[in-house]
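Below are the chains, spelled out letter by letter.
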Amino acid sequence: MYFSKIIATGACVPDMIVTNDDLAKIVDTNDEWISSRSGIKRRHFSKGENTSDIATGVAKELIQKAGIDPLDIDLIIVASVSADYTTPSTACLVQGNIGAVNAVAFDVGAACSGFIFGLSIADKYIKSGVYKNAIVIGAEVLSKYLDFEDRGTCVLFGDGAAGVFVERTEERTGLLAEEMGSDGAKGMALTGGHSPAGNAFNDVTRQAKRELYMDGRAIFDFATRTVPKSVKSLMEKAGVTVDDLDFVLPHQANSRIVEIISRKLKIPMDKFYMNMDEYGNTSSASIPIALNEMVEKGIIKEGSVGVLTGFGAGLTWGSMLIKF
Ligand code: COA
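Residues numbered from 1 in each chain as written. Predicted model: local features only at pLDDT ≥ 70, side-chain atom pairs only at ≥ 80, totals over all residues. Heavy atoms only, no water.

## A few points about the layout of surface pockets
Stated formally: Cavity: a set of points on a 1 Å grid over the protein atoms alone where a 1.4 Å probe fits but cannot get out. Pocket: an open set with protein on both sides within 12 Å along at least five of seven lines, its lining residues, like those of a cavity, having an atom within 4 Å of a point. Grid points are joined across faces, edges and corners, and a volume is the space filled by probe spheres set on the points. The residue classification treats Ala, Val, Leu, Ile, Met, Phe, Trp, Tyr, Cys and Pro as nonpolar and Asp, Glu, Lys and Arg as charged. All others, Gly included, are polar. Domain extents, as shown, originate in an automatic or database domain assignment.
Looking at the largest pocket, its volume works out to about 610 Å³. Along its surface, the largest pocket is lined by 27 residues, and Ser80, Val81, Ser82, Tyr145 and Gly192 are the ones closest to its centre. Counted by class, the lining of the largest pocket contains 12 nonpolar, 11 polar and 4 charged residues. In terms of domain composition, the lining of the largest pocket takes at least three residues from each of domain 1 (3-171) and domain 2 (176-323).

In structure tokens, the structure reads:
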């Protein structure tokens, strides 16, 4: 039986840092409100880099760290809800930029769960023997979708990209168990990039409202109800207890959500990793950005076992047990 071993992690975030105080200069908010409600203090915003640019930065770092020839890459998956174009996909743009001419490349749109969904797909291709390796990236330039007059939303998000290079192995490692779900009936609680069906023969306006809209309370309730259930069910399925886990890495949306998840699961906060103070909510990039940071800081080492759990628009959620 094959498994997908995580060989390398990488990240690429725009240089421009926007603090809560910077935001308070253009929208009616303040550092105290933002940090006490969300744990966010800063975020990185694009200076003009688009999603494919930062995703390409990640791919180049992964190639270098994994020591792989781009010609040997089989699969490139980019999870994103903020692509440069509707088509070509961001994954195809990355493929072109790195010269991975033998790879199959496509995008996955599952918002803040996107990296989890993407990694799950890559794992299935590898487990089934179809491909021997894959690059999986979460990449977002969400700032281009923010309504800077909507203070309830624009203060929460940031831009960034990160990912992993995974490779086929027969060693029992990588993605060991997963639990995923979706609830499309509640999808309107978090929307963005609406594209109306106007054409030359109907009277529908083509004027799109691209900006993110969020019912913050509904999303807060969804996350604090669904994520604990998802992680609990994952742990039962995998037959692991809290003591078996070296870390829990949740989607970096909001520190209050993470604290409630910790309480409900009876998993101590010191097992949870958080860095939303530095990046805000970068949607599909948040888990791999944190993962890369944990590897670089030596928090995750060879043999570490932990849970990744994502949740967000769609609505979607997904938890996975991984071993490094
Ligand atoms: N600065 C200052 N005040 C703000 C503000 C801001 N940036 N945004 C909203 N407010 C105000 C509101 O206008 C409201 O004022 P009012 O009482 O005078 O009407 C007050 O703060 C409380 O707003 P409310 O929306 O009730 O706050 P909340 O406690 O629900 O917190 C969120 C709002 C968005 C932080 C919270 O709902 C949340 O974290 N939701 C989840 C969001 C998320 O993580 N989304 C992504 C998931 S992938």
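## Observations regarding the domain arrangement of the protein
Note the following rule: Any two residues whose heavy atoms approach within 4.5 Å at even a single point are treated as in contact. A 1.4 Å probe defines the accessible area here, and the buried area is the portion of it lost by two parts on being joined, summed over both.
The domain architecture assigned to the protein consists of domain 1 (3-171) and domain 2 (176-323). Look at where the C-alpha atoms of domain 1 and domain 2 centre, and you get two points 14 Å apart. Contact with domain 1, which involves 53 residues of that partner, is made by 45 residues of domain 2. The contact between domain 1 and domain 2 buries some 3,700 Å² in all, and 60% of this surface belongs to carbon and sulfur atoms. Considering only the surface of domain 1 that becomes buried against domain 2, Cys112, Ile116 and Tyr145 emerge as the three largest contributors, covering 19% of it.

## Let's talk about empty space enclosed by the protein
Gaps left between atoms show up when a probe the size of a water molecule is rolled over them. Stated precisely, the cut-off is as follows: Going along the chain from the N terminus, every DSSP run of H or I of four or more residues is numbered as a helix, and every run of E of two or more is numbered as a strand.
Under the defined criterion, the tally for this structure stands at 1 cavity of 30 Å³ or more. Within this model, the largest cavity holds a volume of roughly 30 Å³. Lining the largest cavity are Ser4, Ile6, Leu119, Asp123, Val166, Gly174, Leu175 and Ile322. Contributions of two or more residues to the lining of the largest cavity are made by β1 (3-12), α5 (114-127) and β8 (174-182). When its residues are assigned to classes, the lining of the largest cavity shows 5 nonpolar, 2 polar and 1 charged.

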